Amino acid sequence: MSVVKVHDGVALIEVNDPLVLTEIESDAALQPFLGERLSDQRIAVQPQALPEVLKRLQSLGHLPQVLE
Amino acid sequence: MNQRFSIRECLHGYSNDTLGAICDYWKLAATSKPSRLKAIERVLGDPFHVKSVLSALDPVSVRILKRTVERGTIPAADLLSVPGLFGTHQPNQALQRLAQSGMILVCPSDRNGVFSLGMLSRERLNGNRGPDLIVPGTVETSLPEPPPLGLGLPVSADPPQTLDAPGPHRITQTMLEVFRLVDLVEPRITGAGELHRNDEVRLNELRRESGLSRELVNLGVMMARQMRCVVVENRKLVTCARADLWTEQTRARRMRDLFCAYVASPGLADLQLFFPDMLAAFEEHLPVDSVRRNYHRELAVSILRVSPEGAWHPVGGLADAIEQSDRNVLFVEERWRSILAHAQDSGPAWQERAWQAGEKRLFTWLVQSFLADLGMVELGGQGQLFRLSPIGRFVLGVGPEPEDAHLNGESSLTVQPDFEVIVYLDRCAPSLQRKLSRFCDRRRAGAASTYVLTEQSIYRGAGSGIPPREALQLLSDSSSHPLPDNVREQVAAWQRKMESITLHRRCTLVEFLDAAKRDSAIASYPNARAIGDRFLLVTADLAPAAAPRIHYGAPLKPALRQEEGLQLRLPWDEVDLFARKRLAEIGELRENDSQDLCLRLERGKTGRPEDWNLIAAQLESLTAEPLRARYRLALRAWSGELGPATAGPATLLRFNDLDTCEAVLDFPEVAEYVEGRVGLYTLLISKGKLAHVKKALRAHGIAIEAGAALADPLPPEKWVEHWAERRKSFDDGNRENQTVSPGVKTVTEYHDALPMYSPRIVCELLADAIARRKPALIEYRPTWSKQASVRRVDPVSLDVSAPSPFLSAFCHTAHSARTFQLARIQGIRILEDDSY
């Protein structure tokens, strides 16, 4: 059994304030697209759902920046 | 040079008489077809011979060759439809002379028979596309530059004393406005290639606000698309980096790009201005990708190019010169145009009126409005005379690039404390205007335009590649006064807000079993960032190649294993970052010693019982193999939907094989008494009806005996598989629907089309190949398929006495001997370098 595995091409949300991430996690419209919380400031997101996530975050009043 | 076909392959499609005519031209003493082929191929491959012919060609022929070289392959009818570009009314005679000398060759691209020189006459083409023409490589490399057209513009004897005041450079502003509108709306493109209706309405609203006409915007979009500044991406019209590059060039280069885009664009926005009722007919008669489509523009360019430096011409002179060159440039002499115009008589008088009303206005607009807007011509005599400006001479390729009035952007704007940005267009470079439109909202257009900075506009600018810090710097550099402090602070606050949430589009994470293993390995991943307890964010090239990999770009593969009882397990290697959440929605999760995720279905702990079919579907989508019935059964039983089973005596009728069982069901007199089927071979007969079934089967010669072994020989889990296999073999028998075997390349997989000849020439080629033991590539469409495929064959014999002549050959694709009907060979190439 291997002790390491690679997650390739996954999208992440990274926040400065952990409270913002808690707010994002509790949003019903975003929940279907979110995966495991990796740390108190980062959470996995389905890469195919990035446009929907971006639109929802904007409608919540955030100005998320997108990095490749 | 078009390398699709060799000289020999082209010549194979020629009639023997045509080859004889070419031999006569070159004074070659060859009589048989093979010797003629060889001799002609030799002279056309020799640069010395080719150069001697080219040096003696008339200008019309050189122009025809040049045009053919530019296009690669051109249909004869298309070439003959643009006589004005060659400076003659009868280019077909020159074309025939070129074909006779072999300077131009006919492609083997149809199966209509052999080619003869007479096929190139206009009368023979008579609306048909005609053969495709190419120029041999030796001719292309030695081709001299053609002389300019002999036609010139009439020169005014009375030049104006003063120039008309040049208008504002509307075209640059129009293009910037087109880019801005496209950025704002990002109009969707429908399946028919048109703008989405709602987006078109929105575009029109914005266009009206900007004070631009629909026609001007159409023209701008046409040129922007041709320059690839505006492209279709994800079925939306968007601007791309080329738009920014275009704005950063000097004015002369910007105008050159615009004019070249106008001339080469397949769009007909200019014709729409003057022939709105005939646009559909023009679309039909000016095929896309044909020379004819842009003929009227190219003819104008050819005539403008010979204008002497500094000479003044009457504005109507361009239209007159074009009329003299080819009056039929926009089909004024064609019958269909007079019919569309509801003309009673299509004689010269009507043609003259139509020319004055249509073509003359178009070419006058071209000079007075379009070229003047581009700065390519200077107008004088109150708009009645024109001459080429230095920019015009540069754009047409007959003059050097003029020096540009450099706008450095300094003091071109002022930023107000209320976030308004006032821009003075006369001092503002187009590149600065383009950038402003990306991170500011425009409130008012004009010589002093007003923009405003908002949170949303700054955010939009950041998304298009201008971060807030850079936007501030740009404003600061271009402003006549220092930026107000409140503007600086607010933009910095917006920037901080943007940086509070970051979406990483594609990341590579390395996951370890535990924190200790991660910490011990972190040193071997330079520049890696630790995330949480077990993850490292690394660059894609540093991820360990041998480790199990989960790709999120494609749908995740179902990997849930079905264990004993009602348990399921997901191995740690295959646990993706979304699996834990999905499985937790189904039931209770726990991790085993290997950190595999284990899911156990338990009554009362597995969602809502009444949603059992949804839970089963969810499980089905996650399991690597089809979901076993026991899981579904348990879920259904817990929901209380499972009814009681029934028991009772039955009459079963078992046959010895599957075919008989299937066939019996086709007898209506038997099927009437069959209640169901148990397995593959056994039927359930209605109670008390066995005697009727016996009688009916006996009539078909099937006897029934009593017996104890009624069960199927195969276990129940094999029934479906066996039945599916039998269906498959049945479907394979239906050859009409059969696809090409694996390993056979379809025609589209071959980039180079194979030469296509009539069956008679194919027969000659194959006979020659058999004699010389040369293999061949053939494009063959079998009788049972609609799809042609390319295969390599070693031809063995030809049978031309059969009702349908065929070739016997060894097929390398099928690895066995095959026969091929000559009529179904759609392309052939003899592999001269190989033998068998």
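Remember, it's a predicted structure, so these values are computed and weren't measured experimentally. (Residues numbered from 1 in each chain as written. Chains lettered and ligands numbered in written order. Predicted model: local features only at pLDDT ≥ 70, side-chain atom pairs only at ≥ 80, totals over all residues. Heavy atoms only, no water.)

Considering the overall build of chain B
Turning to step 1, where the next piece is worked out: Scanning chain B from terminus to terminus reveals 35 helices and 29 strands.
Turning to step 2, where the next piece is worked out: Relative to its length of 836 residues, chain B is extended, with a C-alpha radius of gyration of 39 Å against a globular reference of 28 Å.
Turning to step 3, where the next piece is worked out: With respect to the principal axes defined by its C-alpha atoms, chain B has extents near 115 × 95 × 65 Å.
Turning to step 4, where the next piece is worked out: Contacts spanning at least 24 positions in sequence make up 64% of the contacts within chain B whose residues lie at least 6 apart. (Helix = DSSP H or I, 4+ residues; strand = E, 2+ residues; numbered from the N terminus. Rg over C-alpha atoms; globule rule 2.2 N^0.38 Å. Contact = heavy atoms within 4.5 Å.)

Focus on the overall build of chain A
Turning to step 1, where the next piece is worked out: When you go through chain A residue by residue, the secondary structure sums to two helices and four strands.
Turning to step 2, where the next piece is worked out: Shown N-terminal to C-terminal, the secondary structure of chain A runs as helices and strands in the order β-α-β-β-α-β.
Turning to step 3, where the next piece is worked out: Across its three principal axes, chain A shows a C-alpha extent of roughly 45 × 25 × 20 Å.
Turning to step 4, where the next piece is worked out: For chain A, buried positions account for 50% of its 68 residues.
Turning to step 5, where the next piece is worked out: Look at the contacts in chain A between residues 6 or more apart in sequence, and 43% of them connect residues 24 or more apart.
Turning to step 6, where the next piece is worked out: Summed over all atoms, the accessible surface of chain A reaches about 3,000 Å², with 54% contributed by carbon and sulfur.
Turning to step 7, where the next piece is worked out: Distance from the positive charge centre (5 side chains) to the negative charge centre (10 side chains) of chain A: 3 Å. (Buried < 20%, exposed > 50% of the residue type's maximum accessible area, 1.4 Å probe, protein only. Areas by Shrake-Rupley, 256 points an atom, 1.4 Å probe, with all protein chains shown as cover. Lys, Arg positive; Asp, Glu negative; His and termini not counted. Charge placed at Lys NZ, Arg CZ, Asp CG, Glu CD.)

Thoughts on the interface of chain A and chain B
Turning to step 1, where the next piece is worked out: Taken together, the 44 residues of chain A in the interface contact 47 residues of chain B.
Turning to step 2, where the next piece is worked out: Note on chain A versus chain B: buried area summed over both sides is about 4,600 Å², and carbon and sulfur give 57% of it.
Turning to step 3, where the next piece is worked out: When residues of chain A are sorted by the area they lose upon contact with chain B, Lys-5, His-7 and Leu-63 of chain A head the list and together hold 19% of the total.
Turning to step 4, where the next piece is worked out: The interface formed by chain A and chain B includes seven salt bridges.
Turning to step 5, where the next piece is worked out: The interface formed by chain A and chain B contains 36 residue pairs in polar contact (both at pLDDT 80 or more).
Turning to step 6, where the next piece is worked out: Counting residues per element, the ones that place at least two in the side of chain A that touches chain B are β1 (4-15), α1 (18-25), β2 (34-39), β3 (42-45), α2 (50-59) and β4 (65-67) of chain A.
Turning to step 7, where the next piece is worked out: Residue contributions to the side of chain A that touches chain B peak at twelve residues, all from β1 of chain A.
Turning to step 8, where the next piece is worked out: Tallied by class, the residues present in the side of chain A that touches chain B amount to 25 nonpolar, 13 polar and six charged. (Buried area = accessible area lost by both parts, 1.4 Å probe. Salt bridge = Lys/Arg side-chain N within 4 Å of Asp/Glu carboxyl O. Polar contact = N/O pair within 3.5 Å; in protein donor to acceptor, adjacent residues only side chain to side chain. Nonpolar A, V, L, I, M, F, W, Y, C, P; charged D, E, K, R; others polar.)

Structural notes on helix α5 (residues 59-71) of chain B
Turning to step 1, where the next piece is worked out: With 13 residues, α5 of chain B ought to run about 18 Å at 1.5 Å a step, and its terminal C-alpha atoms sit 19 Å apart, in line with that.
Turning to step 2, where the next piece is worked out: Just beyond α5 of chain B, the residue with positive phi is Gly-72 of chain B, at close to 85 degrees. (Expected span 1.5 Å × (residues − 1).)

Points about the sheet that holds strand β17 (residues 561-562) of chain B
Strands pair in a sheet through their backbones, by hydrogen bonds, and they do so in one of two ways: parallel or antiparallel.
Residues and elements named next belong to chain B.
Turning to step 1, where the next piece is worked out: Strand order in the open sheet made by the four strands is β17-β18-β20-β19, with antiparallel pairing throughout. This sheet does not close on itself; its edge strands, each paired only once, are β17 and β19 (588-591).
Turning to step 2, where the next piece is worked out: Taken together, the four bridges between β19 and strand β20 (residues 597-600) define a ladder with antiparallel strand orientation. Residue Leu-589 lies in a different strand from β20, and its bridge partner there is Leu-599. (Pairing = 2+ DSSP bridges.)

Some points on empty space enclosed by the protein
Turning to step 1, where the next piece is worked out: Evaluation of the coordinates by the stated rule reveals two cavities of 30 Å³ or more.
Turning to step 2, where the next piece is worked out: Computed from the structure, the largest cavity encloses a volume of approximately 70 Å³.
Turning to step 3, where the next piece is worked out: Among the residues forming the lining of the largest cavity, the class breakdown is three nonpolar, one polar and seven charged. (1 Å grid on protein atoms, 1.4 Å probe; cavity = no way out; pocket = protein on both sides within 12 Å on 5 of 7 lines; lining within 4 Å. Points joined across faces, edges and corners; volume = space filled by probe spheres on them.)

Observations regarding the confidence of the model for chain A
Turning to step 1, where the next piece is worked out: Per-chain confidence: chain A averages 91 in pLDDT, with 99% of residues scoring 70 or above.
Turning to step 2, where the next piece is worked out: Confidence, read as mean pLDDT per element, is least for β4 of chain A in chain A (90) and greatest for β3 of chain A (94). (pLDDT = per-residue confidence, 0-100.)

Brief notes about the nonpolar core
Residue and element names in this part refer to chain B.
Turning to step 1, where the next piece is worked out: Of all hydrophobic cores here, the largest spans 113 residues; its most connected members are Met-103, Phe-259, Tyr-262, Phe-282, Leu-318, Phe-370 and Leu-371.
Turning to step 2, where the next piece is worked out: Broken down by element, the residue count for this core peaks at eight residues, all from helix α21 (residues 359-374).
Turning to step 3, where the next piece is worked out: Those residues in contact with Leu-371 that sit more than four places away from it in its chain are Phe-259, Leu-304, Leu-366, Met-376 and Val-377.
Turning to step 4, where the next piece is worked out: Core analysis: the second largest hydrophobic core is formed by 26 residues, Phe-419, Leu-436, Ile-466 and Leu-475 among them. (Core = buried A, V, L, I, M, F, W, Y, C linked by side-chain atoms within 4.5 Å.)

A short note on the side chain of Thr-502 of chain B
Turning to step 1, where the next piece is worked out: Counting through the fold element by element, Thr-502 of chain B comes out in strand β13 (residues 501-512).
Turning to step 2, where the next piece is worked out: Within the structure, the side chain of Thr-502 of chain B is placed 3.4 Å from the side chain of Gln-65 of chain A, a separation counted as a polar contact.
Turning to step 3, where the next piece is worked out: Not counting the four nearest positions on each side in its chain, Thr-502 of chain B is found in contact with Leu-12, Ile-13, Glu-14, Gln-65 and Leu-67 of chain A.

A short note on the pattern of salt bridges
A pair can form between side chains of opposite charge whenever their charged atoms are brought close.
Turning to step 1, where the next piece is worked out: In the structure shown here, the tally under the stated rule is 49 salt bridges over all chains.
Turning to step 2, where the next piece is worked out: Notably, a salt bridge pairs Arg-42 of chain A with Glu-14 of chain A, separated by 3.0 Å at the nearest N-O pair. Separated by 28 residues along the polypeptide, Arg-42 of chain A in strand β3 and Glu-14 of chain A in strand β1 bring together distant segments of the chain. The pair Arg-42 of chain A / Glu-14 of chain A is uniform in exposure class, with both members buried.
Turning to step 3, where the next piece is worked out: Several salt bridges converge on common partners, so that one network encompasses Lys-5 and Glu-36 of chain A together with Glu-511, Arg-534, Arg-580 and Glu-591 of chain B.

Side note on the pairing of strand β11 (residues 441-444) of chain B
Turning to step 1, where the next piece is worked out: Sheet topology places β11 of chain B next to strand β12 (residues 448-452) of chain B; three bridges connect them, and they run antiparallel. For Arg-442 of chain B, the partnering residue across the bridge sits in β12 of chain B and is Tyr-451 of chain B.

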